[in-house]
Amino acid sequence: MQTVHDKGARREIKVVQRVLKVNERMAEENRRRFAEKGVFVVNVMSSPGSGKTATLQKTLARLMPEVRAAVIVGDVSTTHDADRLAVTGAPVVQVNTDAFGGDCHLAAHVIEKAADDLDLEAIELLIVENVGNLVCPAEFDIGEDARVVVLSVTEGEDKPVKYPTMFRTCDAAILNKIDLLPHLDYDKEQAVAYIRQVNPAMPVFEISARTGAGMDAWIGWLREKIKSKLKAKS
Amino acid sequence: MHEMGIALQIIEIATASIPPELGPQKVEKVNLKIGKLAAVVPDSLRFCFEIASRETPLAGAELAIEETPVVARCKACNERWTIDEPAFSCRGCGSGSLEILSGRELDIVSIEILQEGEDADGPR
Ligand SMILES: Nc1nc2c(ncn2[C@@H]2O[C@H](COP(=O)(O)OP(=O)(O)OP(=O)(O)O)[C@@H](O)[C@H]2O)c(=O)[nH]1
Ligand SMILES: [Mg+2]
Ligand SMILES: [Zn+2]
């Protein structure tokens, strides 16, 4: 729909459209496709090196084989993460990030293509490890059911207030590398308070992907989500 | 960091919005609404847009960006206010259950073109 206004010699043409509507439409299509198969999709995001891959390795080891899972991993230039994740036995699709527009996030069309390489009938959990970045992935819906942000105790406590959009749009936060706490002067209560300031209702799971500490609550949360998604299908 | 992709989308939408009956047109201005919570840096978007719009009907067009504030409504007490810092609890009752009414926009509102033969400044 377009209306035209005269503004002297200038003519203003109303457009009123979301700039990212193409991505949003594609994300909705992905969401429909995953729902049809009863696949729960979780989009895992963090700064570079917060421990997404390590957390997912441990997570898959705990869930499989009862939960049949697959992973899509966005890695800028190497296959290291894909190799580490493949060790778990889960099918792993490695995607290179958008050639045009940079390496800063996974977009919905990238996930659509990557999902073609997976047998969606054979899984109930699809994990997407997004590109290490706290800004851009927050803006791009990929058709996920839940967004999880990983934060590690080697980063600043104030990350949540510096990147509020990311922390607002996530459904759960993982505070990783708690095994290192004795060696740091990290103020964990302050970090959790900042998370709550931005997203008061969000669950925060304190874990160590190295030792496996604290994994139970996180795994329990994830299992619950997978179960309700399967139930919604049948 | 993804401003180039955003710029390309703007060019695509704006070009498609030129009424075809007008024939080839040059877009003078694009009016955008960008929320404070949108992950877009205006200066970086302008830079990318200038490069990406070369040899398109948007070459040289101005990007007019209206930055929209973050406005929240409390689902518990219905309080409405503008959030100036990253604190998302109700300033009235303290509830954390908020609806964000604005602040996430990334919209193209309108484009402006010069009407044929009425360009007072003449050809540039
Ligand atoms: N001590 C400790 N180290 C950890 C923990 N989790 C991850 N690491 C280490 O932190 C580094 C980064 O971990 P990754 O799992 O590769 O992090 P990532 O978020 O996947 O990184 P990118 O994909 O590059 O963004 C590795 O050297 C891990 O061994 C943890 O719980 N404790
Ligand atoms: Mg990784
Ligand atoms: Zn309130």
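None of the values given here were measured: they were computed from a predicted structure.

### Some remarks on the site of ligand 1
Residues and elements named next belong to chain A.
- The environment of ligand 1 is formed by 19 residues, the closest being Lys-52, Thr-53, Ala-54, Arg-84 and Asp-179.
- In the environment of ligand 1, an oxygen atom lies 3.1 Å from a nitrogen or oxygen atom belonging to the backbone of Gly-49.
- Take Ser-208: an N or O atom from its side chain is 3.4 Å from an oxygen atom of ligand 1.
- Burial of ligand 1 by the surrounding chains reaches 75%, relative to a free accessible area of 660 Å².
- Those elements giving two or more residues to the shell around ligand 1 turn out to be α2 (52-63) and α3 (80-86).
- Considering each element in turn, the shell around ligand 1 owes the most residues, three residues, to α2.

### Structural notes on the packing of α2(A) against helix α8 (residues 215-233) of chain A
Residues and elements named next belong to chain A.
- Relative to each other, α2 and α8 sit at 65 degrees, their axes nearing to 11 Å. With respect to their mutual orientation, α2 and α8 come out roughly perpendicular. Regarding α2 and α8, the two cross each other, and that crossing is right-handed. Contacts between α2 and α8 involve Thr-55, Lys-58, Thr-59, Arg-62 and Leu-63 from the first element and Met-215, Asp-216, Trp-218, Ile-219, Leu-222 and Arg-223 from the second.
- Among the residues making up the contact of α2 with α8, the classes are represented as five nonpolar, two polar and four charged.

### Things to note about the layout of surface pockets
Residues and elements named next belong to chain A.
- Considering only enclosed or pocket space, the largest pocket measures out at about 350 Å³ in volume.
- Every residue lining the largest pocket is counted, 22 residues in all, and those nearest its centre are Gly-49, Gly-51, Lys-52, Thr-53 and Arg-84.
- Those elements that provide at least two residues to the lining of the largest pocket are α2 and α3.
- The element contributing the most residues to the lining of the largest pocket is α2, with three residues.
- Grouping the constituent residues of the lining of the largest pocket by class yields six nonpolar, eight polar and eight charged.

### Comments concerning the coordination of the zinc ion (ligand 3)
Residues and elements named next belong to chain B.
- Only Cys-74 (SG), Cys-77 (SG), Cys-90 (SG) and Cys-93 (SG) from the protein reach the zinc ion (ligand 3) as donors, at distances of 2.3 to 2.4 Å.
- Between consecutive donor residues of the zinc ion (ligand 3), the sequence gaps follow C-x2-C-x12-C-x2-C. In this pair, Cys-77 sits in the loop between β3 (70-74) and β4 (80-83) while Cys-90 sits in the loop between β4 and β5 (98-102), placing the two residues 13 residues apart along the sequence.
- Exposure remark for Cys-90: the relative accessible area of 5% places this residue in the buried category.

### A few points about the side chain of Asn43(A)
Residue and element names in this part refer to chain A.
- Mapped onto the elements of the fold, Asn-43 is located in strand β3 (residues 40-46).
- For Asn-43, a relative accessible area of 0% translates into the label buried.
- Only 3.0 Å separates the side chain of Asn-43 from the side chain of Glu-144, close enough to count as a polar contact.
- In contact with Asn-43, not counting residues within four places along its chain, are Val-128, Asn-130, Ile-142, Glu-144, Ala-146, Arg-147 and Val-148.

### Brief notes about the packing of aromatic side chains
- For the structure on display, the rule yields three aromatic pairs over all chains.
- An aromatic cluster is defined as three or more aromatic residues linked by ring pairs; in this entry it consists of Phe205(A), Trp218(A) and Trp221(A).

### With respect to the coordination of the magnesium ion (ligand 2)
All names here are of chain A.
- Surrounding the magnesium ion (ligand 2) are the protein donor atoms Thr-53 (OG1), Asp-81 (OD) and Glu-129 (OE), which sit 2.1 Å from the metal.
- The sequence pattern formed by the donor residues of the magnesium ion (ligand 2) is T-x27-D-x47-E. In this pair, Asp-81 is assigned in helix α3 and Glu-129 in strand β6 (residues 125-129), connecting sequence segments 48 residues apart. Of the two residues, Asp-81 and Glu-129, neither departs from the other in class, the shared state being buried.

### Examining the interface of chain B and chain A
- The interface of chain B with chain A comprises 39 residues on the first partner and 36 residues on the second.
- Here chain B meets chain A over a buried area of about 3400 Å², counting both sides, of which 58% is carbon and sulfur.
- On the chain B side of the interface with chain A, the three residues burying the most area are His2(B), Pro86(B) and Arg104(B), jointly 16% of the side's total.
- Seen at the junction of chain B and chain A, the total is four salt bridges.
- Note that Glu112(B) is salt-bridged to Arg10(A), the shortest N-O span being 3.1 Å.
- Applying the counting rule to chain B against chain A returns 14 residue pairs in polar contact (both at pLDDT 80 or more).
- Ranked by residues supplied to the side of chain B that touches chain A, first place goes to strand β6 (residues 106-114) of chain B with nine residues.
- Tallied by class, residues from the side of chain B that touches chain A come to 23 nonpolar, nine polar and seven charged.
- Alignment of strand β2 (residues 10-18) of chain A against β6(B), held across seven bridges, turns out to be antiparallel. Along β6(B), the bridge assignment pairs Glu12(A) with Glu112(B).

Reading the values: the criteria
- Residues numbered from 1 in each chain as written.
- Chains lettered and ligands numbered in written order.
- Predicted model: local features only at pLDDT ≥ 70, side-chain atom pairs only at ≥ 80, totals over all residues.
- Heavy atoms only, no water.
- Near = heavy atom within 4 Å.
- Polar contact = N/O pair within 3.5 Å; in protein donor to acceptor, adjacent residues only side chain to side chain.
- Areas by Shrake-Rupley, 256 points an atom, 1.4 Å probe, with all protein chains shown as cover.
- Helix = DSSP H or I, 4+ residues; strand = E, 2+ residues; numbered from the N terminus.
- Axes fitted to C-alpha atoms, helices over the stretch in contact; angles between N-to-C directions.
- Parallel < 35°, antiparallel > 145°, perpendicular 65-115°, else oblique.
- Left-handed = near helix turned anticlockwise from the far one by under 90°.
- Contact = heavy atoms within 4.5 Å.
- Nonpolar A, V, L, I, M, F, W, Y, C, P; charged D, E, K, R; others polar.
- 1 Å grid on protein atoms, 1.4 Å probe; cavity = no way out; pocket = protein on both sides within 12 Å on 5 of 7 lines; lining within 4 Å.
- Points joined across faces, edges and corners; volume = space filled by probe spheres on them.
- Donors = N, O, S within 2.8 Å, 3.2 Å for Na, K, Ca; no water.
- Buried < 20%, exposed > 50% of the residue type's maximum accessible area, 1.4 Å probe, protein only.
- Phe/Tyr/Trp six-rings, centres within 6.5 Å; stacked < 30°, edge-to-face > 60°.
- Buried area = accessible area lost by both parts, 1.4 Å probe.
- Salt bridge = Lys/Arg side-chain N within 4 Å of Asp/Glu carboxyl O.
- Pairing = 2+ DSSP bridges.

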